[in-house]
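One letter stands for each residue in the lines below.
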There are 4 protein chains.
Amino acid sequence: MDEIREECGVFGIWSNSGKGAARKIYYGLTALQHRGQESAGIAICDTSKERGNIRLHKDMGLVGEVFGEGVLSELEGNIGIGHVRYSTTGESSPNNAQPIAFQYLKGSLALAHNGNIVNASELKEQLLEDGSVFNATTDSEVIATFIAKNRAHTGSIEEAVKMTIPHLKGGYALIIMSPRKLVAVRDSLGLKPLCIGKTEDGYAIASESCALDSINAEFIRDVLPGEILTVKDNKIISDTEGCIDKSRHAHCIFEYIYFARLDSKLDGVSIYSARINAGRALARSFKDKADIVAGVPESGITAAMGFSMESGIPYTNIFCKNSYIGRTFIKPDQSERESAVHMKLGVISQAVEGRSIVLIDDSIVRGTTIARLIDMLKQKGAKSVHVRICSPPFLHPCYYGTDVPDEGQLIAKKMTTEQIRDMIGADSLEYMKIEDLESMTGDLALCKACFDGNYPTAH
Amino acid sequence: MDEIREECGVFGIWSNSGKGAARKIYYGLTALQHRGQESAGIAICDTSKERGNIRLHKDMGLVGEVFGEGVLSELEGNIGIGHVRYSTTGESSPNNAQPIAFQYLKGSLALAHNGNIVNASELKEQLLEDGSVFNATTDSEVIATFIAKNRAHTGSIEEAVKMTIPHLKGGYALIIMSPRKLVAVRDSLGLKPLCIGKTEDGYAIASESCALDSINAEFIRDVLPGEILTVKDNKIISDTEGCIDKSRHAHCIFEYIYFARLDSKLDGVSIYSARINAGRALARSFKDKADIVAGVPESGITAAMGFSMESGIPYTNIFCKNSYIGRTFIKPDQSERESAVHMKLGVISQAVEGRSIVLIDDSIVRGTTIARLIDMLKQKGAKSVHVRICSPPFLHPCYYGTDVPDEGQLIAKKMTTEQIRDMIGADSLEYMKIEDLESMTGDLALCKACFDGNYPTAH
Amino acid sequence: MDEIREECGVFGIWSNSGKGAARKIYYGLTALQHRGQESAGIAICDTSKERGNIRLHKDMGLVGEVFGEGVLSELEGNIGIGHVRYSTTGESSPNNAQPIAFQYLKGSLALAHNGNIVNASELKEQLLEDGSVFNATTDSEVIATFIAKNRAHTGSIEEAVKMTIPHLKGGYALIIMSPRKLVAVRDSLGLKPLCIGKTEDGYAIASESCALDSINAEFIRDVLPGEILTVKDNKIISDTEGCIDKSRHAHCIFEYIYFARLDSKLDGVSIYSARINAGRALARSFKDKADIVAGVPESGITAAMGFSMESGIPYTNIFCKNSYIGRTFIKPDQSERESAVHMKLGVISQAVEGRSIVLIDDSIVRGTTIARLIDMLKQKGAKSVHVRICSPPFLHPCYYGTDVPDEGQLIAKKMTTEQIRDMIGADSLEYMKIEDLESMTGDLALCKACFDGNYPTAH
Amino acid sequence: MDEIREECGVFGIWSNSGKGAARKIYYGLTALQHRGQESAGIAICDTSKERGNIRLHKDMGLVGEVFGEGVLSELEGNIGIGHVRYSTTGESSPNNAQPIAFQYLKGSLALAHNGNIVNASELKEQLLEDGSVFNATTDSEVIATFIAKNRAHTGSIEEAVKMTIPHLKGGYALIIMSPRKLVAVRDSLGLKPLCIGKTEDGYAIASESCALDSINAEFIRDVLPGEILTVKDNKIISDTEGCIDKSRHAHCIFEYIYFARLDSKLDGVSIYSARINAGRALARSFKDKADIVAGVPESGITAAMGFSMESGIPYTNIFCKNSYIGRTFIKPDQSERESAVHMKLGVISQAVEGRSIVLIDDSIVRGTTIARLIDMLKQKGAKSVHVRICSPPFLHPCYYGTDVPDEGQLIAKKMTTEQIRDMIGADSLEYMKIEDLESMTGDLALCKACFDGNYPTAH
């Protein structure tokens, strides 16, 4: 696919009044499904039982496919964590689904992880030397084993987490569950998002605030980069010793450009506003003339509205999306290739015929899809198509968990903007300037390494 | 669900150069999936074989679920018809899936049907008297048996269809396949849509033009109300004897308001334009003040854009739709009811906080969903919500195949507009006026019986 | 497969005290599963409801696969019929599964059918001339339509059946259900079996008595060849007008040789005894010497015991059957062919090494399996293998519903017994003599057409 | 169920000439399916690849359900191991399916295990202390981790196995696969069986010889108790340092009585012969009179034949087994209880009516099934039923992997033989005497702890 993909979403729940944690996690994960559609899992525990036994169910598929009424009702307990996954490191196999649950010296633990540990292979090597064995091929198993080892030399799970953190390099958001507690951690740079909310009878932790909304939880705040936040006996305990100065943060810009859901707010910045502002920024440097502005569904829609607001050029939809194209859809083969994009997006002739169009998208990875869309628009009579992209050209790989094609497939690496414009058949093409990214997120310190190569950590 | 539902979509293909009809029908039906998600089916035949044998596969489910690579590859042939279904008459059972295929005196036939025959039970009674037996509970089996009986007394399938047509009262679009031909018919009032297009090697017939686009077929024209159109030996033969004057047509207004896909054009009218115009008409009579205009996804989105164009009030999205809520999604139960709509639509706080909003939807059936949405908007800080509806109040049942709730559940039947406004919590509420419907579709003669009770046929 | 196959089993239940008919049919069909494993179905009705509505569920697969708890619990009613099917006439498709249920002039009917109507195509032609249409390709639909037509001219369903019977040529056992009654019929020759039993609160009708045992019903008697037996208001009404003299009966010999279950008794003859006697008859003409006698599982096992009893040669098992080879088992391909039979049957070396073996089977169709078995026995050290077959050579096709390979594949048609012996690698081979068949079934009048070509009807 | 169950079967293959290992394992596991029907798995490797990557597929279900053509074809490689499982220790969950595959310091390993480690919890505790974490709840993961740890301090996998063996107490048969080798080990007492055979292009290792037969492999010999047998570069290397004197062996008697397949030969003793001899031994002490002897299918069948041979009383079958009662079969509920056994076994009236019957079974656990069978026989007219059991009363738990009911449910623990006879309704009841067990297996040293409480190891 011609897309950049996020790898994971995590969700945790503490329900003081009793049962029902699994259902809440089910809803929370469904709200985070856009962050990963490959596998889903829930681990549950009952804090009222003397010897907490962690129950786990996970499998390949969407949340709604992995969990039926029967499975959900067997996941009894009042605390739990859940996970949706896209495979970045590790193969796409049931074995790599999360959460992972395991037994260790002091009892049992479960862990759900979003992100990428840059030094995972070194840590793994070290653990292998100590005699550890690994069942999966994920970073998460490395982190879990590390925490379990440290737990042997310390008095609590949160202390074991604290001992482990300094060794982890990269971007991550973790939720760890022991039979009594939830521990939430975020990398000190804030590369991966995590926030906490108040439910009617406890707390919820989620990758994005939209998941809190989905269960009617009230957003409290983002977990701080570097913070270790423990939920225990229905109380929150914060340990901020690992936090660093805000100015040294490096929040992933792609959460705002593409990954996060429109109705989420991450580290104080509304995704919706960021995208509206991206469109506005593009509009400010727009010199051409156009009759209408439109977005590539869904990635360019909101920015297109912002472009319209700033420029006064009317916004409209020009594509009709077929929402019934599921996983089992049989794609047209080579000889029928032309209908592949046709099936997903129909062009609304009436909206485009004889018109000059500004077409907004979030990014160009390989350029094949946008080229096909422009061709379809011209076939339906569009006079001209001016493409504007809400991000600078993608030039560098991401080491923190974003799945980007190999450098060889990044079009911006191989062609000039003019060559790309020509290849995709646009009448004009402009990317957002790196300096304009701040218009999206204000004074938030960003990781823009994929655009400028300035990585916030060694890698 | 709080919705009005269409019952069916039909698709037919004539592929002169050889095989591949089934795959084209698969794509066509996928493009028509919005017209029916209950069952899907394809019947195929090979005209080059001496004794054409009709192969049929149909089952409950979406097109992509019913047909896998294996099944599709076994459906060999160069002509075929397909069907997607919502159950209106007849139970929702595999037995009632279409197309239906059967053997009769002169060979075999298959039939795909969209619509409702008002006098089906009388016709059935008559056939029962003659000794017919019925396996399903659909109108379609009645029509098929009638045609088969008539074929015994005439020289061709198209003549048998012609003998049958005068007996059918109601709204319908039919595609009939014999081992040599396709015959397409539309009721003389034009209640149900049907159009024909040219493929690279033959013809395609479809309920909506968007299905022709999906296989890169070129739209030729709508099948005329009352026309019998035969595709045979790669030629089109038209019999227009049953056609009546345009002014007596009665095209279903709900195709334009809600059913048809945005990128379709039915009987010369673009669905997109009709909805943009609906929004414009609502804007013209808008007296209140508002900061933004938005639509209920997806039904009110396009009209909201039209409203924005006419009024100058900026359009934006205020809801974020979760596209992963599938059929197997476990709905929150009574005690969790508040999160049900929450799961499907998240409110974008940043877009609504402190703002006066015009919220557009296509219709109000029971009012429960819009009431919940308004409540969510107010919780997120909306200053006021002005609801505008793209259709007049729904007051009368439909006898032509549209699935409307019982009269007792139609809110407009029981409450004044002011009472409804109060119930849903809107700051103002206005419906489109009946006289404004023409602004949507120009001089097209419409069936508006659901609004004004003027039915175009006895019923 | 190298086998002769039966086509169907039928079962009916009248439960006076109330509900639970579907579960009893489920058990009855499970006991009849050996008669057909292709599809299964149950039709149910509640006689206490004013307008009896027949509910039907059927699908491809075994009884235990087609019916789960959920489906069974929805089949509410106190009378019902069921069917298990092997396809002989008509394709193997869901469309041809039984029972069939349909609506006709006087209400609704369901029908379950075992057997073959020799003149079905003529009857069908006649019905087609009258304007009937057919959905399936089975005889059963022809019979059903015929009965429905006759019902229009008569006062009851049993009379309509009576009008229909004289037109049906062939072998059949039918159970017909109207919303008030069950009607059971058997062809006047008695080609197909059917019996009736008493349950604690009503009656049960079944193809074989073993199905009565399975629900603890007490065997009353066989339905008479030619009898029309109606169960109505918890009473049995018998109409024997169509019965003929016992001496003119023609009971299918293959029920005794192979089809029926060992614990059934059909028309007064125990299947077990018939097979024991077959073995005894073979033993009486046995001139060779042998250390042990064994049977091919399961078809030759019982006769082998009879052979042992008569001859005094000890019986033992020499094969170990793998009962986990299910439908989804991936068969070894050409290059691995040798392990195909190996997987199903393991040879018990200890039992065969150095021994002379009498090996009994029911019949030889193509000879490939027995050849492979003999080869396996010799590899494991068998000194000699004397094959004895419980039936005469199979020389003529069956027109009454038994699925035999094409004449071209019948080995006895192409080779002498000596040639067959040589081909299968046996040290001696003898078939049962036609005149010895009576030793199996006493004075029961038999259809032995497959052996002697004397067909009891025109065909 | 009223049964004693085995826990596992293992199978390994070395195919020198190239691919195809997975299919051979598939057939081998199918032949071992009687040893475990809960889960199945295959791990595969290609020794020709520089860095051998182990591919693993396992799931709940029968071999034929877990592996389809698609899955099998993806398991490419020339060496592999497989496993079928019954859960004894560890829960019945997908997580506990085998083989297990993991990464460790020196690369990757897979392991398949049959048996029970008596000191597993102590070993686990020790590993936990060292910082190990565990994903499953099986002994197998403990063994695997132990071997992996030892591999760090030694030069080869077989040496690591050798270092591990002395620490494992209990009964086990293991096959370990590294990317280059297979290592097979058996506990030094020989509690669990394992043998090796020659294929056309390599070697096969299996729990029972019947699995070698299934792929046409030639039996070479049993793996010796205590032997470490390595298959490497298409050669067998034997290390017998851990072997002990034959007289100290303790082969599980239940393999001969019940577990193993009739056509297998374990440690030189044919299962068939052992059971024939068991029947003969029972016959020798038989004082009553009887007309026929029969066995409970399948467990008592072979012994019944032996009884017949010794006593001269004719053997026959008196039950007809329904082989279509699958996992999904809906069992009759309480109120229908009588038909539960009726469904599985039908009584052949003709064979039992008026007769005195010797009925043989392998063991009595709770006595409910045999009680029901005797009742059925008497209902069908049996004059008397003399029950003879091929094993002594079951009095002590098994610690080596055989799944026996809790002591409280062992009928022999609570009742005298006379009381049991009365309870099951038999006319006489006798168990095999402990001293007669040797008649089954000759001079093989046995573990008979379940009968006499003499355990061969601490436990």
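Just so we're clear, the structure is a prediction, and the values are computed from it rather than from any experiment. (Residues numbered from 1 in each chain as written. Chains lettered and ligands numbered in written order. Predicted model: local features only at pLDDT ≥ 70, side-chain atom pairs only at ≥ 80, totals over all residues. Heavy atoms only, no water.)

A.B. asks: Hey, could you run me through the interface of chain A and chain B in this one?
C.D. replies: Accessible area lost upon the coming together of the parts is a frequently used measure of interface size. Taken together, the contact between chain A and chain B spans 54 residues of the former and 54 residues of the latter. Summed over both sides, the interface of chain A with chain B buries roughly 4400 Å², with 58% coming from carbon and sulfur. Between chain A and chain B we count two salt bridges in total. The partner of A:D213 in a salt bridge is B:K380, with the nearest N and O atoms 3.1 Å apart. For the side of chain A that touches chain B, the leading source of residues is helix α1 (residues 21-31) of chain A, giving five residues. Broken down by class, the residue content of the side of chain A that touches chain B amounts to 23 nonpolar, 19 polar and 12 charged. (Contact = heavy atoms within 4.5 Å. Buried area = accessible area lost by both parts, 1.4 Å probe. Salt bridge = Lys/Arg side-chain N within 4 Å of Asp/Glu carboxyl O. Helix = DSSP H or I, 4+ residues; strand = E, 2+ residues; numbered from the N terminus. Nonpolar A, V, L, I, M, F, W, Y, C, P; charged D, E, K, R; others polar.)

A.B. asks: Whenever I open this one, the relation of the copies chain A and chain B confuses me. Can you help?
C.D. replies: Aligned on chain B, chain A shows an RMSD of 0.0 Å; the corresponding rotation is 180° and the shift along the axis is 0.0 Å. Taken together, the rotation angle and the small translation identify this as a two-fold axis. The overlap is high: 100% of the interface residues of chain A also sit at the interface in chain B, so the same surface is used on both sides. (Least-squares fit on C-alpha atoms with pLDDT ≥ 70 in both.)

A.B. asks: Just checking my understanding: could you explain the interface of chain D and chain A for this structure?
C.D. replies: With 20 residues of chain D in contact, the opposing surface of chain A contributes 21 residues. Both faces combined, the contact of chain D with chain A buries some 1700 Å², and carbon together with sulfur accounts for 50% of it. Looking at the side of chain D facing chain A, the largest losses of area belong to D:Q103, D:L105 and D:V133, adding up to 35% of the total buried there. Linking chain D with chain A are zero salt bridges. Contributing elements (two or more residues each) for the side of chain D that touches chain A: β5 (100-104), α4 (120-129) and α5 (139-151) of chain D. Classifying every residue of the side of chain D that touches chain A by side-chain character gives nine nonpolar, five polar and six charged.

A.B. asks: For this particular structure, what's the right way to read the sheet that holds strand β6 (residues 107-117) of chain C?
C.D. replies: In a beta sheet, neighbouring strands are held together by backbone hydrogen bonds and run either parallel or antiparallel to one another. Residues and elements named next belong to chain C. Strand order in the open sheet made by the six strands is β5-β6-β7-β8-β12-β13, with antiparallel pairing throughout. Of all the strands in the sheet, the pair left with one neighbour each is β5 (100-104) and β13 (235-239). For this sheet, the mean angle separating the axes of adjacent strands, direction not counted, is 20°. Two elements, strand β7 (residues 170-177) and strand β8 (residues 181-186), share five bridges in a ladder whose sense is antiparallel. Each bridged residue has a counterpart across the sheet, and for A173 the counterpart in β8 is R186. Across the sheet, helix α5 (residues 139-151) lies against β5, β6 and β7, angled at about 135° from β6, the strand it touches most. (Pairing = 2+ DSSP bridges. Axes fitted to C-alpha atoms, helices over the stretch in contact; angles between N-to-C directions.)

A.B. asks: Looking at this model, I keep getting lost on helix α9 (residues 271-284) of chain A. Mind explaining?
C.D. replies: The α-helix winds at 3.6 residues per turn, so residues separated by three or four positions along the chain end up facing the same way. Residue and element names in this part refer to chain A. The first and last C-alpha atoms of α9 sit 20 Å apart over 14 residues, in line with the 20 Å expected at 1.5 Å per residue. Burial analysis of α9 places 11 of its 14 residues in the buried class, which makes it a mostly covered element. Of all the positions in α9, only I271, Y272, S273, A274, R275, I276, A278, G279, A281, L282 and A283 are classed as buried. Where α9 starts, the residue carrying a side-chain oxygen 3.2 Å from the main-chain nitrogen of Y272 turns out to be S270. (Expected span 1.5 Å × (residues − 1). Buried < 20%, exposed > 50% of the residue type's maximum accessible area, 1.4 Å probe, protein only. Polar contact = N/O pair within 3.5 Å; in protein donor to acceptor, adjacent residues only side chain to side chain.)

A.B. asks: Help me understand the relation of the copies chain D and chain A, please; the structure alone is not making it clear to me.
C.D. replies: Mapping chain D onto chain A calls for a rotation angle of 179° and an axial translation of 0.1 Å; the resulting RMSD is 0.0 Å. Comparing interface residues between copies, 100% of those in chain D also sit at the interface in chain A, which points to an isologous, same-surface contact.

A.B. asks: What is the right way to look at the side chain of D:S264 in this model?
C.D. replies: All names here are of chain D. Within the secondary structure, S264 is located in the loop between α8 (253-259) and β15 (265-266). Since its relative accessible area comes to 2%, S264 is described here as buried. A polar side-chain atom of S264 sits 2.8 Å from a polar atom in the side chain of E208. Not counting residues within four places of it along the chain, the set of residues in contact with S264 comprises E208, S209, C210, V269, S270 and I271.

A.B. asks: What is the right way to read α4(D) from this model?
C.D. replies: Among the residues making up α4(D), those that are buried are D:A120, D:L123, D:K124, D:L127 and D:L128. Taken end-on, α4(D) shows its buried residues confined to a sector of 140°, consistent with a single buried face. Away from its buried face by more than 90 degrees, α4(D) exposes D:E122 and D:E129. On its buried face, α4(D) is in contact with β5 (100-104) of chain A together with β6 (107-117) and α5 of chain D. Following α4(D) by one or two positions, D:G131 has its phi on the positive side, about 100°. (Arc of directions from axis to C-beta.)

A.B. asks: I would appreciate a short explanation of the arrangement of the chains in the present structure.
C.D. replies: Between chain A and chain C there is no contact; the minimum C-alpha to C-alpha separation amounts to 14 Å. The smallest C-alpha distance separating chain B from chain D is 13 Å, and no contact links them.

A.B. asks: Please clarify how the sheet that holds strand β20 (residues 356-361) of chain D should be interpreted in this entry.
C.D. replies: All names here are of chain D. Taken together, the four strands give an open sheet; going across it, the order is β17-β20-β21-β22, and neighbouring strands pair in parallel fashion. At either end of the open sheet lies a strand with only one pairing partner, and these are β17 (292-295) and β22 (428-431). Averaged over all neighbouring strand pairs, the angle between strand axes comes to 20°, with direction disregarded. Alignment of β17 against β20, held across four bridges, turns out to be parallel. Its bridge partner being in β20, A294 is matched across the sheet by L359. Docked against the sheet, helix α10 (residues 301-311) engages β17, β20 and β21 (384-389), running at close to 160° with respect to β17. Packing against the sheet, helix α15 (residues 417-424) makes contact with β21 and β22, and its axis sits at approximately 130° to β22.

A.B. asks: Even after reading the chapter, I still don't get the domain arrangement of chain A, so can you show me in this structure?
C.D. replies: All names here are of chain A. Assigned domains within chain A: domain 1 (8-249) and domain 2 (275-452). Put simply, the middle of domain 1 and the middle of domain 2, counted by C-alpha atoms, are 35 Å apart. Interface area, domain 1 with domain 2, both sides summed: about 800 Å², of which 55% is carbon and sulfur. Put simply, domain 1 and domain 2 have two residue pairs in polar contact (both at pLDDT 80 or more) between them. Mapped by element, the contributors of at least two residues to the side of domain 1 that touches domain 2 are β6 (107-117) and β7 (170-177). (Domains from an automatic or database assignment.)

A.B. asks: Sorry if this is basic, but what is going on with the pairing of strand β10 (residues 202-206) of chain B here?
C.D. replies: A regular strand places its side chains on the two faces of the sheet in alternate fashion. Residues and elements named next belong to chain B. Across the five residues of β10, five count as buried, placing the element largely inside the fold. Two strands pair when backbone bridges link them, and strand β1 (residues 8-15) and β10 are joined in this way by five bridges, in the antiparallel orientation. Counterpart to I13 in the pairing with β10 is A204. Alignment of strand β9 (residues 195-199) against β10, held across five bridges, turns out to be antiparallel. Opposite I196, over in β10, you have I205 as the bridge partner. Between the end of β9 and the start of β10, which pair antiparallel, lie two residues.

A.B. asks: Can you help me understand the pattern of salt bridges in this one?
C.D. replies: Two side chains carrying opposite charge are able to pair once their charged atoms lie near each other. Within the structure shown, the criterion is met by 79 salt bridges over all chains. With its nearest N and O atoms 2.8 Å apart, the salt bridge here joins D:E255 to D:R35. With D:E255 in helix α8 and D:R35 in the loop between α1 (21-31) and β2 (39-45), this pair connects stretches of sequence that are 220 residues apart. The pair D:E255 / D:R35 is uniform in exposure class, with both members buried. Of the charged contacts in the structure, one is a salt bridge between D:E310 and D:R280, with a shortest N-O distance of 3.0 Å. Of this pair, D:E310 sits in helix α10 while D:R280 sits in helix α9 (residues 271-284), and the two are 30 residues apart along the sequence. A relative accessible area of 33% places D:E310 in the partly exposed class. Salt bridges here are not isolated pairs; linked through shared partners, they connect A:R35, A:E208 and A:E255.

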